Amino acid sequence: MGYLSQRKKSERENIFLKISSAVFAVLTLCSFVCVSGGVFPDLLLHFYFFNLLLFVYALYIGHWGYGGFFLLLLIVNFFHVSAFANILFDAKIEAPHHLALEYTPDSRKDLIDSDLLVLRSGHLEFGNKTRARFWALEKNAHAFNLIRVDFSDGSAAARRKSFRQLAAFIDAQDDPVILYGNFGEAAWSRNMRRFLNETGLKVKNRLIFAEKGRRFNPFALPGFYVLGFANLGVDSLRVSPSSGGEFPVVTMLLRFE
């Protein structure tokens, strides 16, 4: 490659990195707007991955200054995402008791643990044809409430109402609560973040990029979560291939104190 060609290539790279660094700096600031998940909460994780690609590209072509800048943004965005969810690993604890569950198309088949004593069960009605399955359970002399949700088909407004009513229900319970299912939103979205703050629950599982009809899609919004308090951990979690356009079956082994 001649000198002029190399110079033009270097100029194009500089222009691209200059524009990219300015755009990503602005987007990083926008992601903290109102401290509520940002102005593009559903794309926050994908934004993080693009940030990572730019960092690698800057290092590959030898632009260390831009590489350092993208690394700084990468660190900021990593902690932004990880503040709401576990990116790669499940939250584990050393606890003597375990609970085996499955998230299936038929919620009546979710309780696969034979040692569970069902004290009562039913549905929580949130309106707009949205409801959640509810069980009051006991195992090894420990009582707790288990709630399975599926908010994936509702609108953002319907989910916001459901989150408020669900938070009020959880606040009225005396026993610990475990939630699991497809919340229809990312953990860093406005609705989910407000819900987690109000209830004190934490995300326990790693991010799952599953959607109806597909076990894995890197561009899917991670909306499946297991939520619980400090005494709950995820020992193992497996996503099985989906069938018939349904959301994949998720098999979980939880541990609790």
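An account of the accompanying structure is given in this report. None of the values given here were measured: they were computed from a predicted structure.

## Some words on the overall build of the protein chain
Next up, step 1: On a plain count of helices and strands, the protein chain comes out with five helices and nine strands.
Next up, step 2: Its C-alpha atoms give the protein chain principal-axis dimensions of about 80 × 35 × 30 Å.
Next up, step 3: A separation threshold of at least 6 residues defines the contact pool for the protein chain, and within that pool the share at least 24 residues apart is 65%.
Next up, step 4: Carbon and sulfur atoms make up 58% of the accessible area of the protein chain, which totals about 13,300 Å².

## With respect to the sheet that holds strand β2 (residues 117-127)
Next up, step 1: Ordered in space as β2-β3-β4-β5-β7-β6, the six strands form an open sheet in which the pairing is mixed. One side of each edge strand has no neighbouring strand; the edge strands of this open sheet are β2 and β6 (202-203).
Next up, step 2: Bridge analysis of strand β5 (residues 177-182) against strand β7 (residues 224-228) gives four bridges, and the strand direction is antiparallel. Residue pairing for β7: Asn182 is matched across the bridge by Phe224.
Next up, step 3: Contacts from helix α4 (residues 156-171) reach β2, β3 (130-139), β4 (142-150) and β5 within the one sheet, and its direction differs from that of β2 by about 145°.

## Observations regarding the sheet that holds strand β9 (residues 250-256)
Next up, step 1: An order of β1-β9-β8 is seen for the three strands of this open sheet, with the pairing classed as antiparallel. Each end of this open sheet is capped by a strand with a single partner; those strands are β1 (97-103) and β8 (232-239). In this sheet, adjacent strand axes meet at a mean angle of 20° when their direction is disregarded.

## Comments concerning empty space enclosed by the protein
Next up, step 1: Per the counting criterion, the structure on display carries one cavity of 30 Å³ or more.
Next up, step 2: For the largest cavity, the calculated volume is near 60 Å³.
Next up, step 3: In this structure, the largest cavity is lined by Arg160, Phe163, Arg164, Asn191, Arg194, Phe195 and Glu198.
Next up, step 4: Those elements that provide at least two residues to the lining of the largest cavity are α4 and α5 (190-199).
Next up, step 5: Take the lining of the largest cavity: its biggest share by element is four residues, from α5.
Next up, step 6: A class-by-class count of the residues in the lining of the largest cavity yields two nonpolar, one polar and four charged.

## Some words on the nonpolar core
Next up, step 1: Counting 43 residues, the largest nonpolar core has Ile147, Leu166, Leu179, Trp188, Phe195 and Tyr225 as the members making the most contacts within it.
Next up, step 2: Listed in part, the 23 residues of the second largest apolar core include Leu116, Trp135, Tyr180 and Phe256.

## Focus on the side chain of Ser240
Next up, step 1: For Ser240, the location among the structural elements is in the loop between β8 and β9.
Next up, step 2: Excluding its chain neighbours within four sequence positions, the residues that come into contact with Ser240 are Arg215, Pro248 and Val249.

## Some details on the pairing of β9
Next up, step 1: Taken across its seven residues, β9 has five buried, putting it largely inside the fold.
Next up, step 2: Sheet topology places β1 next to β9; seven bridges connect them, and they run antiparallel. In the sheet register, Ala100 faces β9, and the bridge partner there is Leu253.
Next up, step 3: Across seven bridges, β8 lies against β9 in antiparallel orientation. When the bridges of β9 are listed, Val239 appears paired with Val250.

## Re the pairing of β2
Moving residue by residue along a regular strand, the side chains alternate between the two faces of the sheet.
Next up, step 1: The pairing of β2 with β3 spans nine bridges and is antiparallel. Within β3, the position partnered with Gly127 by the bridge is Thr130.
Next up, step 2: Counted between consecutive antiparallel strands, the loop separating β2 from β3 contains two residues, among which Asn128 sits at a positive phi close to 55°.

Scoring rules and cut-offs
- Residues numbered from 1 in each chain as written.
- Predicted model: local features only at pLDDT ≥ 70, side-chain atom pairs only at ≥ 80, totals over all residues.
- Heavy atoms only, no water.
- Helix = DSSP H or I, 4+ residues; strand = E, 2+ residues; numbered from the N terminus.
- Contact = heavy atoms within 4.5 Å.
- Areas by Shrake-Rupley, 256 points an atom, 1.4 Å probe, with all protein chains shown as cover.
- Pairing = 2+ DSSP bridges.
- Axes fitted to C-alpha atoms, helices over the stretch in contact; angles between N-to-C directions.
- 1 Å grid on protein atoms, 1.4 Å probe; cavity = no way out; pocket = protein on both sides within 12 Å on 5 of 7 lines; lining within 4 Å.
- Points joined across faces, edges and corners; volume = space filled by probe spheres on them.
- Nonpolar A, V, L, I, M, F, W, Y, C, P; charged D, E, K, R; others polar.
- Core = buried A, V, L, I, M, F, W, Y, C linked by side-chain atoms within 4.5 Å.
- Buried < 20%, exposed > 50% of the residue type's maximum accessible area, 1.4 Å probe, protein only.

All quantities given are derived from atomic positions and should not be read as evidence of function.
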